[in-house]
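# Descriptive structure summary
Chain residues, written in single-letter form:
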Amino acid sequence: MSADNGFEPTIIGFLCNWCSYAGADLAGGSRKKYAANVLPIRVMCSGTVSPHHIVKAFQMGADGVLVTGCHIGECHYMKGNYMTAKRIPVVKELLGFIGISPDRLMLDWVSASEGEKFARVVTEFSDKIRSLGPSPLKGRVHGRVKEESQASA
């Protein structure tokens, strides 16, 4: 728990199998210190992360979502990270429209050899989400506060 306000964020990380997931593995294997708030989900390519996956992560209680992939021009699937680079700004706009700060979504490029960068990105994003506080969707189920939906059951 955080000493200042007791809030520790839950962050979903969509990590590209070929670069970012390997970078995370390198960070762990090198014993780099970083925040343990990111729950990694290995995806074959950052280009496979749809807006639906991101919104669903927030609906399921995530306070932040981190998408990481291969550096531009280095995608194993040729154009996956180009699609991601175009998609994320649109998703940020959508999040703002539905009342979630666009700052709760982050995109970064981390290669397999950048364990130290992965550790830094995760720690900085975790600190940023901690400063924003819990997601406005936290504790809600289908638009209702959990207690309300449980009381009517």
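Computed from a predicted structure; not experimentally measured. (Residues numbered from 1 in each chain as written. Predicted model: local features only at pLDDT ≥ 70, side-chain atom pairs only at ≥ 80, totals over all residues. Heavy atoms only, no water.)

Secondary structure summary: the protein chain contains five helices and six strands in total. If you list the helices and strands of the protein chain from N to C, you get β-α-β-α-β-α-β-α-β-β-α. By the burial criterion, 41% of the 153 residues in the protein chain qualify as buried. The contacts of the protein chain with a sequence gap of at least 6 include a subset with a gap of at least 24, amounting to 78%. Accessible area for the protein chain stands at about 8,500 Å²; split by element, carbon and sulfur atoms hold 56% of it. (Helix = DSSP H or I, 4+ residues; strand = E, 2+ residues; numbered from the N terminus. Buried < 20%, exposed > 50% of the residue type's maximum accessible area, 1.4 Å probe, protein only. Contact = heavy atoms within 4.5 Å. Areas by Shrake-Rupley, 256 points an atom, 1.4 Å probe, with all protein chains shown as cover.)

All right, on to a nonpolar patch on the surface then. A contiguous nonpolar patch, built from Trp18, Met44 and Tyr77 and spanning about 300 Å² of accessible area, is present on the exposed surface. Considering the arrangement of structural elements, one finds Met44 in the loop between strand E2 (38–43) and helix H2 (51–59). (Patch = residues over 30% accessible without salt bridge, like charges linked within 9 Å, V, L, I, M, F, W, Y side chains within 5 Å. Salt bridge = Lys/Arg side-chain N within 4 Å of Asp/Glu carboxyl O.)

Attention now moves to the packing of H2 against helix H3 (residues 80–97). Packing of H2 against H3 leaves a shortest axis separation of 10 Å and a crossing angle of 40°. Accordingly, the angle class assigned to the pair H2 and H3 is oblique. Of the two elements, H2 crosses H3, and the hand of that crossing is right-handed. Counting all contacts with H2, which are made through Pro51, Ile54, Val55 and Phe58, the residues of H3 involved are Arg87, Ile88, Val91, Leu94 and Leu95. (Axes fitted to C-alpha atoms, helices over the stretch in contact; angles between N-to-C directions. Parallel < 35°, antiparallel > 145°, perpendicular 65-115°, else oblique. Left-handed = near helix turned anticlockwise from the far one by under 90°.)

By the secondary structure assignment, Gly139 is in the loop between helix H4 (115–132) and strand E5 (140–141). Overall, the relative accessible area of 30% leaves Gly139 in the partly exposed class. Considering only alpha carbons, one finds Gly139 and Gln59, 80 residues apart in sequence, at a separation of 9.3 Å.

Here the focus is unusual backbone geometry. Of note, Met78 is a non-glycine position whose phi angle comes to about 75°, a positive value. Along the chain, the position of Met78 falls in the loop between strand E3 (64–69) and H3. Judged by relative accessible area, Met78 falls into the exposed class, the value being 63%.

Bringing the sheet that holds strand E4 (residues 105–109) into the picture now. On the basis of which strands lie adjacent, the open sheet formed by four strands has the order E2-E1-E3-E4 and parallel pairing. Edge positions in the sheet fall to E2 and E4, since each has one partner strand and no second. Strand after strand, the sheet turns through a mean of 20° between neighbouring axes, direction not considered. Where E3 meets E4, five bridges bridge the pair, whose relative direction is parallel. Counterpart to Thr68 in the pairing with E4 is Asp108. Lying on the sheet, helix H1 (residues 20–29) is in contact with strand E1 (11–16), E2 and E3; it crosses E1 at an angle near 110°. (Pairing = 2+ DSSP bridges.)

The quantities given are spatial measurements derived from coordinates; they are silent on function.
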